[in-house]
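Secondary and tertiary structure notes
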Amino acid sequence: MGILSAIPTAFEHGGIWMWPIAAFQLLSIAIMVERTIYLFTRRQTDQLEFVTTYEDNIRRGEMDSVLTKAQATRDAHPISRAVHAGAVAAQNFGGKDEIQGKMDEVLLHENASLDKRVGYLSMLGNVATLTGLLGTITGMIKSFAAVAQANPADKAALLSNGISEAMNCTAYGLIVAIPALIAYAVLQNRANVVAEDLNQAGLKAYNWLSYSFDAVSLRQAGAGASAKNAGARGSKSQEANA
């Protein structure tokens, strides 16, 4: 109860700059909670393992099966969205560059969602510290200005009030900044781990899709050449019979 009862007293003595610091604290807590839920609960580092379930279908050229599975798992596994985009490009014979471009487009979007709002934690931590320092400076200015014009009997009380405001602002700024900066480091590291897992999974899927594209292209080219040769032989036979 002592700590809880001291909070209103600290706000009263800390001056006006305590309220901006409190706003920064609320914002940083909201970001920490939202990003923690997203990065540690909704996003898992299992994309590299999950993407191997597509390998057999891709190598056999069963793009319809790949698209069906990717469509069914796209909400739970972000790599499925990249595989779906690459499989559509491969099925349409868009070429390796188009396959890579379509997959990169999805991966860039997914990676951007990982870093969303995390950078604000560093900013809020720094701004809270600077706001606490500003409260310290204004508190000291007020205290010395009051002491200069006060009666000798009141100088000690006025000086102690100004120093109290200064120290409360500094302490509260640090209380807000330290957790925000720690959370920034933890969440940024988690975002990098998740992004690396997703990018490696995307590279595996691209390699399989590009190899399958070469094989299908060669089969299509071979079939076209065979049809052309058959047509040429048929024409020669007709000319010989004539």
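Residues numbered from 1 in each chain as written. Predicted model: local features only at pLDDT ≥ 70, side-chain atom pairs only at ≥ 80, totals over all residues. Heavy atoms only, no water.

**Some details on the overall build of the chain**
What counts is decided by this rule: For the purposes of this entry, the term helix denotes a DSSP run of H or I that reaches at least four residues, the term strand denotes a run of E that reaches at least two, and both are numbered from the N terminus. Only protein chains enter the accessibility calculation, which uses a 1.4 Å probe; a residue is then buried when its area is under 20% of its type maximum, exposed when over 50%, and partly exposed in between. Per-residue accessibility takes into account occlusion by the displayed protein chains alone, with areas from the Shrake-Rupley method and a 1.4 Å probe.
For the chain, the count of helices and strands is nine helices and zero strands. Going from the N terminus to the C terminus, the chain shows its helices and strands as α-α-α-α-α-α-α-α-α. Burial statistics for the chain: of 242 residues in total, 37% are counted as buried. For the chain, the computed accessible surface area is about 13800 Å², with 62% contributed by carbon and sulfur atoms.

**A closer look at the pattern of salt bridges**
As a reminder, the rule being used: Whenever a carboxyl oxygen of Asp or Glu lies within 4 Å of a side-chain nitrogen of Lys or Arg, that contact is scored as a salt bridge.
Overall, the coordinates contain six salt bridges when judged by the stated rule. A salt bridge links Arg81 to Glu110, with the nearest nitrogen and oxygen atoms 2.9 Å apart. Residue Arg81 is found in helix H6 (residues 78-91), and its partner Glu110 is found in helix H7 (residues 96-115); the two are separated by 29 residues along the sequence. Taken as a pair, Arg81 and Glu110 share a single burial class, namely buried. Here the salt bridges do not stand alone but share partners, grouping Glu34, Arg35 and Arg117 into one network.

**Considerations on a nonpolar patch on the surface**
Applicable threshold: Each patch groups residues whose relative accessible area exceeds 30% and which form no salt bridge, using 9 Å between like charges and 5 Å between nonpolar side chains of Val, Leu, Ile, Met, Phe, Trp and Tyr.
Judged by side-chain polarity, Phe40, Leu174, Ile178, Ile182 and Val186 come together as a nonpolar surface patch covering roughly 440 Å² of accessible area. Among the elements that line the nonpolar patch, the one with the most residues is helix H9 (residues 155-241), at four residues. Note that Phe40 resides in helix H2 (residues 18-42). By relative accessible area, Phe40 is classed as partly exposed at 37%.

**A short note on the confidence of the model for the chain**
Keep this limit in mind: You can read pLDDT as the predictor saying how much it trusts each residue, on a scale of 0 to 100.
Per-residue confidence for the chain averages 81 on the pLDDT scale, and 79% of its residues sit at or above 70. Of all the helices and strands in the chain, helix H1 (residues 2-14) carries the lowest mean pLDDT, 62, while H2 carries the highest, 93.

**As for the packing of aromatic side chains**
Which entries qualify depends on this criterion: Under the pairing criterion, centres of Phe, Tyr and Trp rings, with the six-membered ring standing for Trp, must be within 6.5 Å; the plane angle then separates stacked pairs below 30 degrees from edge-to-face pairs above 60, leaving the rest tilted. In this scheme, Lys NZ or Arg CZ marks a charge over a ring once it lies within 6 Å of the ring centre and within 35 degrees of the ring normal.
With the rule as written, the count across this model stands at one aromatic pair. Each ring, one from Phe50 and one from Tyr54, has its centre 5.8 Å from the other, and the planes form 85°; the classification is edge-to-face. Note that Lys69 overlies the ring of Phe50, its terminal NZ or CZ placed 5.6 Å from the centroid.

**Considerations on H6**
Selection rule: Multiplying one less than the number of residues by 1.5 Å gives the expected span of a helix.
Here H6 is 14 residues long and its end C-alpha atoms lie 20 Å apart, about the 20 Å a rise of 1.5 Å per residue gives. Here H6 lies mainly inside the structure; 12 of its 14 residues are buried. Looking at H6, one finds that the buried residues are Pro78, Ile79, Ser80, Arg81, Ala82, Val83, His84, Ala85, Gly86, Ala87, Ala89 and Ala90.

**What to know about H2**
For H2, which comprises 25 residues, the first-to-last C-alpha distance of 35 Å matches the rise-based estimate of 36 Å (1.5 Å per residue) to within 8%. Every buried residue of H2 is accounted for by Met18, Ile21, Ala22, Phe24, Ser28, Ile31, Met32, Arg35, Tyr38 and Leu39.

**Re unusual backbone geometry**
Positive phi, close to 70°, is recorded for Arg117, a residue that is not glycine. Checked against the element boundaries, Arg117 lands in the loop between H7 and helix H8 (118-149). For Arg117, a relative accessible area of 34% puts it in the partly exposed group.

**Description of the nonpolar core**
The criterion, for reference: Grouping buried Ala, Val, Leu, Ile, Met, Phe, Trp, Tyr and Cys residues that are joined through side-chain atoms within 4.5 Å yields what is termed a nonpolar core. Only heavy atoms matter for contacts: two residues are in contact if any of them lie within 4.5 Å across the pair.
Of all hydrophobic cores here, the largest spans 25 residues; its most connected members are Val51, Tyr54, Ile79 and Leu209. At the level of secondary structure, the elements contributing two or more residues to this core comprise helix H5 (63-73), H6, H7 and H9. Sorting elements by how many residues they give to this core places H6 first, with seven residues. In this view, Tyr54 contacts Val66, Lys69, Ala70, Thr73, Ser80 and Val83; residues no more than four positions away in its chain are not counted. Counting residues in hydrophobic clusters, the runner-up holds 21 residues, among them Ala22, Phe24, Met32 and Ala191.

**Here's the deal with the side chain of Asp197**
The condition is simple: Neither His nor the chain termini are counted; the positive set is Lys and Arg, and the negative set is Asp and Glu.
Residue placement: Asp197 occurs in helix H9. An unpaired buried charge is present at Asp197: no salt bridge exists, and Arg43, the closest side chain of opposite charge, is 7.6 Å distant. Aside from chain neighbours lying at most four places away, what touches Asp197 is Gln44, Thr45, Asp46, Gln47 and Leu48.

**Looking at the packing of H5 against H6**
The criterion, for reference: For every element, the axis is a line fit to its C-alpha atoms; helices are fit only across the contacting stretch, and the angle between N-to-C directions ranges from 0 to 180 degrees. Oblique is the label for any angle not covered by the other classes, which are roughly parallel (under 35 degrees), roughly antiparallel (over 145) and roughly perpendicular (65 to 115). Note on convention: near helix rotated counterclockwise from far helix by under a right angle means a left-handed crossing. Clockwise means right-handed.
Running from N to C, H5 and H6 point in directions that differ by 155°, and their axes come no closer than 9 Å. By the angle between their directions, the pair H5 and H6 is classed as roughly antiparallel. Between H5 and H6 the crossing geometry is left-handed. On H6, the residues touching Met63, Asp64, Val66, Leu67, Ala70, Gln71 and Thr73 of H5 are Ser80, Val83, His84, Ala87, Val88, Ala90 and Gln91.

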